[in-house]
Amino acid sequence: MSARGFVGMCGIAGLFPSDRPGCVESLARHARAMADAIVHRGPDDSGIWEDALSGIALAHRRLSILDLSSAGHQPMHSSGGRYVLVFNGEIYNHMELRARLADRQSWRGHSDTETLLAAFEVWGIDTTLRSITGMFSLALWDRLEHRLVLARDRLGEKPLYYGWLAGTFAFGSELKTLCAFPGWQGEIDRDAAANYMRYGYVPLPHSIYRGIRKLIPGTFVTISAETAPGTWPEPAAYWSARSVANVSELADLTDAEGVDQLESLLRQSVGRQMISDVPLGAFLSGGIDSSTVVALMQALSAKPVKTFSIGFAEGDYDEAKHAKAVAAHLGTEHTELYVTPADALAVIPRLPHIFDEPFGDSSGIPTYLVAQLARRHVAVSLSGDGGDELFGGYNRYSWGRSIWRHIGPLPVGLRRMIGRALTALPPEAWDGLAAPLRAVLGRHMRLPALGDKIHKLAGVIDVDSPAELYRRLVSQHRDSGSLIIGGGETAIWADAEAARCTRTDFSEQMMFHDIVGYLTDDILTKVDRAAMAVSLETRVPMLDHELIEFAWRLPLAMKIRDGQGKWLLRQVLYRYVPRSLMDRPKQGFGIPLDAWLRGPLREWAESLLAESRLRKEGFLQPELVRRKWQEHLSGRRNWQHWLWNVLMFQAWHEDVFR
């Protein structure tokens, strides 16, 4: 399908010295250096613009998804001359917006950037942001009112960091841009590090560096020459996931009507996001979400869709065989790659540079590998992310609810005794005891990694509320302050939003918390950074805001039914793919990390976890780290995720401060 003006994924950066106007020569040079630090986000073109009188510099790197032309070059000026824009992303409905603006605007080119500028001139900031469908981060300079506006898409598909550096307001698509600013100090925020150790990511609005923030999704901030250095502008919301979640359910919606409406919305979103003038494909794991996206792509395409998957020799982690079966049924042009441990291990040294801050989701490794595979064949790839959070796919949505129903009435003391009994056996022993039963259990009862799940149950059994149960289920470390020396957890945006969500059902509370937290901070961060590291654009059709708004108006029984998540989404998929190909236990996109830490990664990990090194660096409690490491090596406990968080912090610290 023709791209009709999509500029493509890019990187943006800029400086606005509210206390130092007139030094634009150095600012332009610094802004260019900042943008060049993210050349992987835009290897095809670059641009710089400065205003000496106002003291503003904007920089841009471009990855072209349409034939490169001067009509799409950024920074771009509005036709009336009021606005200057640097923009990273895609506006999928920009042709519809052009039609609405036709009587107010003459067009110079075909890019969605020009459409955005025209909309800003005619409708203003808030109305324009509410009107667009897409993924983006942007910086808009208003030459009339001498103010800078930063904005981010509704779910945070595209990143945007900002903060004050020596009295200068700076922003960029990645932390690399800010690190390129002269005199960058980069003081680690120990409180943010404590948050990281709990979740495996640094949650909004924080970054790993003191004084640098991430812009809240669905908001914009305004900075003017009168903004005092060090002052944090208050984000203004143009869209709110909380407001969407707080709406009432659709009344009298039948199952058949729900399936029809969901299919229609999915086809619309997938169709919009298939528009491209460069080769386009999709990640295909063989799971519900990616299979649904690919099925609709193939239904909308006149030729085979290019699909990509990777596999591992270890059977418990290999989804490639399922993806291959789905691809064969749909008739896609499928490419798969079985990776060796050496292939995956070779990615690890790159992770600190890819993510810029500690990032503990080990599925970033296979995500990078499948993006790398796809980039050899296409420049744009669609993914199925978002389906779990919207349609109740994670096991914790039903498992957590069941746990609380059973343990809530029991005395806490008794529950603690049960927890100690459950952890008396290591995970491998539980797996061994369960092995003879697998032959007689039904397909949906054969849970992989049973021992790990039993140990996870033991870790949450003494909670005193559903909210604390959720917190434990998503935590890798229960008391992060005990691990980070001099650090204590600080308030995060997702918790504040969840506290104001009016949904009373525990499963829906967990789903909402994941949408405003885990989805943005982990899943979308992982996909964006891993793909952009190889200059691949990714698009996420499940996160179309109209689809999100529809999903939240569905009754819970259309999402989770008979203990199985994504019921309604499955019904759409079954119209394209036989049920027999899809009905199997949920499998994560992971690697055999527990075994690798005891095997090929052991020497690398030992060097990062050496007691002398931990004491010298002064961030992590050496006794706690060493005890967990020894327990893991012995096989008594499986601390793979806890240790991976620590190891990624250590590897990031080594990469940044060596």
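Refer to the structure printed above.
For the structure given in this document, a descriptive report is provided here. None of these values were measured; they are calculated from a predicted model.

Each value, and the rule that gives it
- Residues numbered from 1 in each chain as written.
- Predicted model: local features only at pLDDT ≥ 70, side-chain atom pairs only at ≥ 80, totals over all residues.
- Heavy atoms only, no water.
- Phe/Tyr/Trp six-rings, centres within 6.5 Å; stacked < 30°, edge-to-face > 60°.
- Helix = DSSP H or I, 4+ residues; strand = E, 2+ residues; numbered from the N terminus.
- Buried < 20%, exposed > 50% of the residue type's maximum accessible area, 1.4 Å probe, protein only.
- Lys NZ or Arg CZ within 6 Å of the ring centre and 35° of its normal.
- Patch = residues over 30% accessible without salt bridge, like charges linked within 9 Å, V, L, I, M, F, W, Y side chains within 5 Å.
- Areas by Shrake-Rupley, 256 points an atom, 1.4 Å probe, with all protein chains shown as cover.
- Salt bridge = Lys/Arg side-chain N within 4 Å of Asp/Glu carboxyl O.
- Polar contact = N/O pair within 3.5 Å; in protein donor to acceptor, adjacent residues only side chain to side chain.

## With respect to the packing of aromatic side chains
Part 1 of the reasoning: Enumeration over the complete set of coordinates arrives at 17 aromatic pairs.
Part 2 of the reasoning: The interplanar angle of 75° and the centroid separation of 5.7 Å between the aromatic rings of Tyr162 and Trp232 together place this pair among those described as edge-to-face. On the criterion of sequence distance, the pair formed by Tyr162 in strand β8 (residues 161-165) and Trp232 in the loop between β11 (219-224) and β12 (236-237) is long-range, its members being 70 residues apart.
Part 3 of the reasoning: When its relative accessible area of 2% is taken as the criterion, Tyr162 is described as buried.
Part 4 of the reasoning: Accessibility expressed as a relative area gives 27% for Trp232, which makes it partly exposed.
Part 5 of the reasoning: Considering the side-chain rings of Phe312 and Trp596, the 6.4 Å spacing of their centres and the 65° angle between planes classify their relative orientation as edge-to-face. Of this pair, Phe312 sits in strand β14 (residues 306-312) while Trp596 sits in helix α26 (residues 593-598); the two residues are 284 residues apart in sequence, bridging distant segments of the chain.
Part 6 of the reasoning: Judged by its relative accessible area of 4%, Trp596 falls in the buried class.
Part 7 of the reasoning: Site record: aromatic cluster; members linked through ring pairs are Trp184, Tyr209, Phe619, Phe649, Trp652 and Phe657.
Part 8 of the reasoning: Just above the ring of Trp639 sits the side chain of Lys628; from NZ or CZ to the centre is 3.4 Å.
Part 9 of the reasoning: Its end group placed over the ring of Trp642, Lys628 keeps NZ or CZ at 5.3 Å from the ring centre.

## Brief notes about a nonpolar patch on the surface
Part 1 of the reasoning: Together, Leu410, Leu414, Met417 and Ile418 line one region of the surface with nonpolar side chains, adding up to about 320 Å² of accessible area.
Part 2 of the reasoning: The residue Met417 is located in helix α16 (residues 412-422) in this model.

## Overview of the side chain of Arg61
Part 1 of the reasoning: Relative to the assigned elements, Arg61 resides in strand β3 (residues 56-62).
Part 2 of the reasoning: You can call Arg61 buried: its relative accessible area is 10%.
Part 3 of the reasoning: Here the side chain of Arg61 touches Asp36 through a polar contact of 3.1 Å, side chain to side chain.
Part 4 of the reasoning: Within the structure, the side chain of Arg61 is placed 2.9 Å from the backbone oxygen of Gly42, a separation counted as a polar contact.

## Things to note about the pattern of salt bridges
Part 1 of the reasoning: Summed over the entire model, instances satisfying the criterion amount to 45 salt bridges.
Part 2 of the reasoning: A salt bridge links Glu96 to Arg272, with the shortest nitrogen-to-oxygen separation between them at 3.3 Å. Linking Glu96 in helix α2 (residues 94-101) with Arg272 in helix α8 (residues 255-273), this pair joins segments that are 176 residues apart in sequence.
Part 3 of the reasoning: For Glu96, a relative accessible area of 42% gives the class partly exposed.
Part 4 of the reasoning: Ionic pairing is found between Arg147 and Glu145, a salt bridge with its closest N-O pair at 3.4 Å.
Part 5 of the reasoning: Several salt bridges share partner residues, and in doing so they unite Arg41, Lys158, Glu174, Lys176, Asp356, Asp528 and Arg529 into one network.

## Topic: the environment of Ala251
Part 1 of the reasoning: Among the structural elements, Ala251 can be located in the loop between α7 (241-245) and α8.
Part 2 of the reasoning: Taking the relative accessible area as the measure of exposure, Ala251 reaches 66% and is therefore exposed.
Part 3 of the reasoning: A C-alpha to C-alpha distance of 8.9 Å links Ala251 and Pro555, two positions 304 residues apart in sequence.

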